[in-house]
Amino acid sequence: SQAGASSRALQMGEIITMTSEYDNVIVGGDFNIETLSEMDVMKRGGFMCGNGGIFGDHLTQPRPNPIYPVDNICVKGDNINLQLFSVLTNYELSDHYPTIIDIIIG
């Protein structure tokens, strides 16, 4: 919903503010978004996101037929880069498929 998207945008803004004093930041988890365009808040805040970014768009919830791209890993910093975001579809740990990403630091 639009109200939910606004609330999530405010929460992402808080993450951006809370991490603004750090040179390198990794944030991952269930962002509860309905569309990947909601992650634009993080991108405008200087973050690179694994889901909905250079690695394509990945639906992760609900399992086994996901329709939402809720799970993401985002990084910010000159010395940190993302490589190879994947969704692990062979695991049944929750109603989400787990995600994994290679992070290069240095």
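One can find the structure itself at the top, above this paragraph.
Residues numbered from 1 in each chain as written. Predicted model: local features only at pLDDT ≥ 70, side-chain atom pairs only at ≥ 80, totals over all residues. Heavy atoms only, no water.

Participant: With reference to specific residues and values, describe the overall build of the protein.
Facilitator: Along the protein, the regular secondary structure elements total two helices and five strands. Mapped in sequence order, the helices and strands of the protein form the string α-β-α-β-β-β-β. On C-alpha atoms alone, the protein measures out to a radius of gyration of 14 Å, which is about the 13 Å that the 2.2 N^0.38 rule sets for 106 residues. Considering only C-alpha atoms, the protein reaches an extent of 40 × 35 × 20 Å along its principal axes. Looking at the 106 residues of the protein, the share that counts as buried comes to 36%. Taking as baseline every contact in the protein between residues at least 6 positions apart, the subset at least 24 positions apart corresponds to 61%. For the protein, the separation between the mean place of its 5 positive charges and that of its 13 negative charges on side chains is 4 Å. (Helix = DSSP H or I, 4+ residues; strand = E, 2+ residues; numbered from the N terminus. Rg over C-alpha atoms; globule rule 2.2 N^0.38 Å. Buried < 20%, exposed > 50% of the residue type's maximum accessible area, 1.4 Å probe, protein only. Contact = heavy atoms within 4.5 Å. Lys, Arg positive; Asp, Glu negative; His and termini not counted. Charge placed at Lys NZ, Arg CZ, Asp CG, Glu CD.)

Participant: Describe the pattern of salt bridges, with residues and values.
Facilitator: Summed over all chains, the structure comprises three salt bridges. With a shortest N-O distance of 3.9 Å, Glu 34 and Arg 8 are connected by a salt bridge. Note that Glu 34 is positioned in the loop between strand 1 (25–30) and helix 2 (40–44) and Arg 8 in helix 1 (residues 2–19), a separation of 26 residues in sequence. Judged by relative accessible area, Glu 34 falls into the partly exposed class, the value being 36%. Residue classification places Arg 8 among the buried residues on the basis of a relative accessible area of 12%. Linking Arg 8 and Glu 38 is a salt bridge whose minimum nitrogen-to-oxygen distance equals 2.7 Å. Placement of the pair is Arg 8 in helix 1 and Glu 38 in the loop between strand 1 and helix 2, with a sequence separation of 30 residues. (Salt bridge = Lys/Arg side-chain N within 4 Å of Asp/Glu carboxyl O.)

Participant: How would you explain the sheet that holds strand 2 (residues 48–49) if you had to name every residue and give the values?
Facilitator: Taken in spatial order, the three strands make up an open sheet running 1-3-2, and their pairing is antiparallel. Looking along the sheet, the strands with just one partner apiece sit at the ends: strand 1 and strand 2. Pairing between strand 2 and strand 3 (residues 71–76): two bridges, direction antiparallel. Directly across from Met 48, in strand 3, lies its bridge partner Val 75. (Pairing = 2+ DSSP bridges.)

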